[in-house]
Amino acid sequence: MTHDGVNGHPAPTGRVAAVVPAAGSGVRLGAGIPKAFVELGGETMLERCVAGLLASGVVDDVVAVVPEDRVQEAERLLAPLRVGDHVVVVTVGGAERTDSVRNGLAALTTARAGAPGAGTDRPAVPGAAVATTGYDVLLVHDAARCLTPAEPIRRVVAAVRSGEVAVVPVVPVVDTVKQVDADAYVVGTPDRATLRGVQTPQGFDPDTLLAAYDAAGDAATDDAGLVERLGRRVATVDGAALAFKVTTAEDRMRAEFQLLSERSLAEGPQTMTFGWQLYRPETDSEPPRAPQEDQ
Ligand code: CTP
Ligand code: MG
């Protein structure tokens, strides 16, 4: 695949793959189904996330990592995104995010085998050593950050292509942050100017990420954190407000409002339905029923 080039850089040649961890249960969101399969504006977060990566123009292939009982559904949802020579593979996640990303990395070694456009029933082998991926850049991008715009994705890929081994998109921290002890007493106030909130996609030189996962213990909240443990340097680029992670019901509402306002701009005013409505006992005969999510 040829690229248009990023920020004026000449079009690069090697391929870029993204692992999309989407196997979490979404306890904090509380939708009753795995979070990545919750719909926002009529499309699941998983579809939006994968479509957004491919639409950035700098991502070739995607491995979506989903709960075991959602593989068929994910295959069906993502099938329309298998266009051109994009390979979109679905594999099974694990108990922790780290396990899911590790499974996704294992699936990458075989992702190109069925190209172009092939799906997979190749299960990843949890914990399998991953020798090589054949990619120039690997991204890891949370399905829950499904409204991420193209710009931070392009900035991350461009920074890895320019020689950084690990790159994270960051945003300024708006609150003062305190460090506390085990009894919740404040022990320090880090200088806010030196702090950043970290988003995804995080981008890596493939050998560096694979070495980090080979060396990793069980859990890490952040892929770049594993690279830091190897003593390798992690670079930052500007993230984006819209790359926020949909974690709680409030985040879901924020995402719905965002999509609604985008549609309003494009098509005129819209009506939005949430999973709840106001009930006014004095005028309403019975409480409204919440729409049921598919199980
Ligand atoms: N994830 C995953 N496998 C896991 C846990 C998380 O692939 N075992 C993914 C989630 O699907 C999500 C991303 O990692 O896209 C970030 O995790 P988080 O926002 O914490 O999602 P959940 O774990 O699903 O949510 P919660 O912690 O509220 O249960
Ligand atoms: Mg979680």
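Above this text sits the structure in question.
Residues numbered from 1 in each chain as written. Chains lettered and ligands numbered in written order. Predicted model: local features only at pLDDT ≥ 70, side-chain atom pairs only at ≥ 80, totals over all residues. Heavy atoms only, no water.

How two aromatic rings sit relative to each other is set out by the distance from centre to centre and by the angle between their planes. This structure, assessed with the given rule, holds 0 aromatic pairs. Note that Arg70 overlies the ring of Phe37, its terminal NZ or CZ placed 5.2 Å from the centroid. The ring centre of Phe244 lies 3.8 Å from the NZ or CZ of Arg254, which sits over that ring. (Phe/Tyr/Trp six-rings, centres within 6.5 Å; stacked < 30°, edge-to-face > 60°. Lys NZ or Arg CZ within 6 Å of the ring centre and 35° of its normal.)

Most of helix H1 (residues 45-55) is tucked away, with 8 of its 11 residues classed as buried. Looking only at H1, the buried set comprises Met45, Leu46, Glu47, Arg48, Cys49, Val50, Leu53 and Leu54. Of the residues one or two after H1, Gly57 is the one with positive phi, at around 80°. (Buried < 20%, exposed > 50% of the residue type's maximum accessible area, 1.4 Å probe, protein only. Helix = DSSP H or I, 4+ residues; strand = E, 2+ residues; numbered from the N terminus.)

Close to ligand 1 lie 18 residues; Pro21, Val27, Lys35, Ser100 and Lys245 are nearest. The backbone of Gly94 places a nitrogen or oxygen atom 2.9 Å from a nitrogen atom of ligand 1. Ser100 places a polar side-chain atom, nitrogen or oxygen, 2.7 Å from a nitrogen atom of ligand 1. Contact with the protein chains covers 87% of the free accessible surface of ligand 1, which is 560 Å². (Near = heavy atom within 4 Å. Polar contact = N/O pair within 3.5 Å; in protein donor to acceptor, adjacent residues only side chain to side chain. Areas by Shrake-Rupley, 256 points an atom, 1.4 Å probe, with all protein chains shown as cover.)

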